[in-house]
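Coordinates in review
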2 protein chains.
Amino acid sequence: MKRLLPPWAARYRRAFLRDDLIAGLVVALMLIPQGLAYATLVGVPPHYGLYASLLPALLYALFASSSVLSIGPMAITSLLAASALAPLAIADPLQYTAAAALLALMCGLMLLAAALLRLGAIAQLISHPVIEGFVSGAALLILVSQLPPLLGLPASGESGLASLPPLVLGLPQANPIAAGLGLAALAILVISRLIAVPALVYLGLSPGAALTAQRLLPIILLGAGTLVVIGAEWQRALAVVGTLPEGLPALRVPAWNSAWVRDLWPAALVISLLGFVENIAIAQAYVQRTRERLDADAELRALGAANIGSALMGAFPVSGSFSRTVVNAEAGAQSPLSGVFAAGLVLLALLFLTDLFAALPMSLLAALIIAAVLQLIQLKGLRQAWLYDRGEAGAMLVTALSVVVFGVETGIAVGVGASLVSWIWRSSRPHIAVIGRVPGTEHFRNVSRFEVETKRGLLMLRIDDNLFFGNAERVYELIQQRLHAHPDTRDLVLAMSAISRIDVTALVMLLNLNDELKQRGVRLHLAEAKGRVLDQLAQSSLLEELTGQSYLSCERAFEALGDGAHSPQRPGQPVSH
Amino acid sequence: MKRLLPPWAARYRRAFLRDDLIAGLVVALMLIPQGLAYATLVGVPPHYGLYASLLPALLYALFASSSVLSIGPMAITSLLAASALAPLAIADPLQYTAAAALLALMCGLMLLAAALLRLGAIAQLISHPVIEGFVSGAALLILVSQLPPLLGLPASGESGLASLPPLVLGLPQANPIAAGLGLAALAILVISRLIAVPALVYLGLSPGAALTAQRLLPIILLGAGTLVVIGAEWQRALAVVGTLPEGLPALRVPAWNSAWVRDLWPAALVISLLGFVENIAIAQAYVQRTRERLDADAELRALGAANIGSALMGAFPVSGSFSRTVVNAEAGAQSPLSGVFAAGLVLLALLFLTDLFAALPMSLLAALIIAAVLQLIQLKGLRQAWLYDRGEAGAMLVTALSVVVFGVETGIAVGVGASLVSWIWRSSRPHIAVIGRVPGTEHFRNVSRFEVETKRGLLMLRIDDNLFFGNAERVYELIQQRLHAHPDTRDLVLAMSAISRIDVTALVMLLNLNDELKQRGVRLHLAEAKGRVLDQLAQSSLLEELTGQSYLSCERAFEALGDGAHSPQRPGQPVSH
């Protein structure tokens, strides 16, 4: 019985129920406008965004390892889906929606397959700056895509930067009512983010209540906008959501169209991977608060189930939403049950409130999306990365620009490739320090940073990196340079404290080095080699062929080797430590 | 004046001249049969192999940083050229030869461009096992390609494994004379390699002379085979080299055919890269003997010039040959002048001996190639890699199989990709050790391998890898696990002796860890952080926000933290060090 329950059920307490209900209500009030908006971003009718909020939330709750993650329609995933579906050039809206559902099914199957293969660790292959760069670039693309509906212009058929010139040329044809409502809502959303919370606190609200009020602004704006349209009888004067079908669609498996599958699979892979990476990043941010152990493979399973649920509803790919997760956690959610409650409220809206949505202006949904993605552009992250490591800041910028210029899939490929190659490249420029003993201790440090003692005839080198094919030759050259600068060396000690792995290429290099030093009458010693490294070296001939010894510590090597006189080293740079 | 001379000229002494002449003679006697054979492997008339031995050797000598490398026709490069030219489907032999020369020109230009950009370090991106796997796979492909000429069968038009079924079906049509000569020569070559040297030494030759005699066996066999054909008047009974044009071709730049360039550039890139990598590997093997400093950028320049020289002769891509380099070095070569002398002797053969080549059986050239490539199949290397690291042995096998099944270019791409991803993957599974003090020293070691002392409330963890996006999350989890196992921890010390680099992703992880530990009342300390790492961390907010201290050494952290009582740790596994 216990094995059939989701992992969070075991520690559920009755007191959680109230918290989860309140959080569910707050999240539902965000989920309804976001669902309607992101469905239009995908290109399917708005109510599919509400469908995508139902079954996925239920299925996610069954498998989830995170208590607070809010699953459902999400901006970046919707953009990815739209960019995957565009090349299929499907004119019929029903067919287009069917293709979106098939895409969700493919994502779900891929995620479940990855969970079976325990590929959860794959999320690690994308670096933080690359993800931030990707999200920033995608946010810009989404922003550009929402400008026509914001201004009441028809879509130009172009996407990305190419859609800007027709947009500018079309400005005179903008719909003044749509644009007025949209721009006003956008201004209120952006300004409120800057001043609303302090202002409400000044007016006497508690900070928590003020924050919640500000978070409910989108649904308030949608309601107000709809009432204005109804009051002024503007239903035909601007684009509105229009009549939505009441109730629920029948559950069914999307039709398997081989041609679509062939065209969509790379996009499905990217959507799955990025959705998963974002999920992990969001869940990770809350794992500390909740003391949960995040299980990447369980997250894969849960996200896969959620996407299959979305496909069965006939909707589009879903993933975790950062904005809703923040609200869910702050509203006090204790378990995925809050998501189930939110889905229940969305269901009620679908059953009883679809008439209200009919007069909802599309330009308001566009304003909502733009306000949301503006927060995703990570200028602060870029500045911090720049200060810490310009190479990584460069990777972030290149990823963002590639997304904007070449599209989301090429962009993420460029980013991942750049971070892999740049890491190998950095590893290929290792640092090698000549070290000596800090007087009065058994501690060995870089002679150019610390005032240390050395011995005649003894050269101690610390290699500051793992040894592998990418740096073996370079390390060989650097060792030769140091030996050249210390021509009286009779004993060379390699301090291996920083070495955790030595691959075959580097092993061959060490064997060659040992041979060559033997001919020159220099003995090669190892010191501080870790147990695991020595265990592996014992499988090769290096330890047998070594002309010197392997010492437990630099101290023991220092005592045993060189001539007796400790020559105090000239002081190096001032020690800042 | 001095700047115009090649780098080796400055240390040239008159006494070297005799050594270089002798080495040049021995190499020429290998170069003639190899040149004829490898030209047929490329698919151009045999005498182009001799052309490819002339100007390239001169130009290489002008720029070379290695004294003993023998440049010219080479088995793997010839195979790569043949596989690049095959898809062009050029029926006209003159056109085919022109395309081969264009390919050599493209390789030369790419290598010179790489030299200008100082990309010599790029050779490091291919690991030793991947190169060995590639060479073994390519050797098998070459072997298969030479079976039809060995047996006097026409080429089937298929290549690689696909050529085996037609070969087997065609066996009854084999030419008995060609097959007899070829198989006899192959048997002599293979058996002599096993027993010739001991036998000759037994007969009274010095080991050096015996080795040289064995190395001259190919030219002796070619001579003997030719005499047999002439004596028996078999010129029309089997495929022979036929009449070759006497003298030298006019130097000219290959015609620039844009369609060919577009099709050939990926292959040119692969040929350049692999030729260069092989050159470096060969030169590296002799750098020790000659005390030269190998300059990768100079090698790029020299190899680029050699290929342009080959293109000007109308021939095909060239690179360093391992077999001839061994012979050249053992025959006593002191400088690239030995290569120039060898080229001079080949020139004499071209001027005066072409009539002799006319009766040379093609099946003998095939036997020569097969005997040569048999030595390239690295079963011993595979066994050693298997013992040391099964993952790398796997990469070697996968590369070899990919070459055989999918062809040389896909094969090398698979190998390079596999070695990059597997290195990142290994780095993503870091080892974290709980450490304690080895009693009576200031040395800290893994508690499960050494009998060490620890303190209550103090947990010291050594992270055995650089911190980066590929392992940041995993390290975070491992630290949490260790903390969970030591619930009384009040001070956590991260021993950073093995950490040389911390990227932005890992920095964010450390900031999160610090925040989270603060909430739990655990202080986070660093110890043994290297100067360069601290310099970079100072650009972030980590050192300011750190709840604990950064200690110079584990010893200082151990003295300052935890409660006074040193609790002797239970002994771990027996210490084998």
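See above for the structure.
Reference entry: report on the structure contained in this document. What you see is a predicted model, and the numbers here were worked out from it, not measured in a lab.

Calculation notes
Residues numbered from 1 in each chain as written. Chains lettered and ligands numbered in written order. Predicted model: local features only at pLDDT ≥ 70, side-chain atom pairs only at ≥ 80, totals over all residues. Heavy atoms only, no water. Helix = DSSP H or I, 4+ residues; strand = E, 2+ residues; numbered from the N terminus. Contact = heavy atoms within 4.5 Å. Areas by Shrake-Rupley, 256 points an atom, 1.4 Å probe, with all protein chains shown as cover. Buried area = accessible area lost by both parts, 1.4 Å probe. Salt bridge = Lys/Arg side-chain N within 4 Å of Asp/Glu carboxyl O. Nonpolar A, V, L, I, M, F, W, Y, C, P; charged D, E, K, R; others polar. Buried < 20%, exposed > 50% of the residue type's maximum accessible area, 1.4 Å probe, protein only. Least-squares fit on C-alpha atoms with pLDDT ≥ 70 in both. Phe/Tyr/Trp six-rings, centres within 6.5 Å; stacked < 30°, edge-to-face > 60°. Lys NZ or Arg CZ within 6 Å of the ring centre and 35° of its normal. Polar contact = N/O pair within 3.5 Å; in protein donor to acceptor, adjacent residues only side chain to side chain. Pairing = 2+ DSSP bridges. Right-handed = clockwise from strand over helix to strand, strands pointing away.

So, the overall build of chain A
The secondary structure content of chain A amounts to 24 helices and 10 strands. For chain A, restricting intrachain contacts to residue pairs at least 6 apart in sequence, the fraction spanning at least 24 positions comes to 82%. Carbon and sulfur atoms make up 64% of the accessible area of chain A, which amounts to about 24200 Å² in all.

Points about the interface of chain B and chain A
Counting residues at the interface gives 77 residues for chain B, matched by 78 residues for chain A. Buried surface at the junction of chain B and chain A, summed over both partners, amounts to about 7200 Å²; 56% is from carbon and sulfur atoms. A per-residue breakdown of the area chain B buries against chain A is headed by Gln124(B), Tyr388(B) and Trp423(B), which together make up 13% of the total. The interface formed by chain B and chain A contains 6 salt bridges. At the level of elements, α6 (128-151), α11 (258-290), α17 (379-388), α19 (408-427), α20 (472-485), α21 (504-519), α22 (531-537) and β9 (550-551) of chain B are the ones that each hand at least two residues to the side of chain B that touches chain A. Class assignment for the residues of the side of chain B that touches chain A results in 27 nonpolar, 27 polar and 23 charged.

So, the pattern of salt bridges
Per the counting criterion, the structure on display carries 20 salt bridges over all chains. Between Arg501(B) and Asp465(A) there is a salt bridge whose closest N-O contact spans 2.3 Å. Of the two residues, Arg501(B) is situated in the loop between β7 (491-495) and α21 and Asp465(A) in the loop between β6 (458-463) and α20 (472-485); the pairing between them involves two chains. Each member of the pair, Arg501(B) as well as Asp465(A), is classed as buried. With a closest N to O distance of 4.0 Å, Arg18(B) and Asp19(B) form a salt bridge. Of the residues examined, Asp19(B) reaches a relative accessible area of 22% and is grouped as partly exposed. Here the salt bridges share partners, and the residues they tie into one network are Arg437(A), Glu453(A), Glu555(A) and Glu559(A).

A word on the relation of the copies chain B and chain A
Here chain B sits on chain A after a turn of 179° about the axis and a move of 0.0 Å along it, with an RMSD of 0.2 Å. Given the turn and translation reported, the copies of this chain are related as if by a two-fold rotation axis. The position closest to the rotation axis in chain B is occupied by the C-alpha of Ala498(B), lying 1.8 Å away. Taken together, the interface assignments show that 99% of the residues at the interface of chain B recur at the interface of chain A, consistent with an identical surface on both copies.

A closer look at the packing of aromatic side chains
Following the criterion strictly, the structure yields 8 aromatic pairs over all chains and no others. Centroid distance Phe468(A) to Phe469(A): 5.0 Å. Interplanar angle 65°. Geometry classified as edge-to-face. The class of Phe469(A) is buried, set by a relative accessible area of 5%. Centroid distance Tyr12(B) to Phe16(B): 5.3 Å. Interplanar angle 85°. Geometry classified as edge-to-face. Between Lys455(A) and the ring centre of Phe558(A), over which it is positioned, the NZ or CZ distance is 5.1 Å.

As for helix α13 (residues 322-330) of chain A
All names here are of chain A. Within the span of α13, buried status applies to Arg324, Thr325, Val326, Val327, Asn328 and Ala329. Backbone nitrogen of Arg324 and a side-chain oxygen of the N-cap are separated by 3.1 Å at the start of α13; the cap is Ser321. Where α13 terminates, the next one or two residues include Gly332, which has phi positive at roughly 100°.

Description of the pairing of strand β6 (residues 458-463) of chain B
All names here are of chain B. Of all the 6 residues making up β6, 6 are buried; the element is thus mostly covered by neighbouring parts of the structure. Along β6, one buried face is formed by Leu458, Met460 and Arg462 and the opposite face, lined by Leu459, Leu461 and Ile463, is buried too. Pairing analysis gives 3 bridges linking strand β3 (residues 432-437) to β6, with the strands arranged antiparallel. In the strand pairing of β6, Ile432 is matched with Ile463. Of the strand pairs in this sheet, β6 and β7 are connected by 5 bridges, and their pairing is parallel. In the strand pairing of β7, Met460 is matched with Val493. Assessed by its sense of winding, the connection that carries the chain from β6 through α20 to β7 is right-handed.

Any functional reading would require information beyond the geometric quantities listed.
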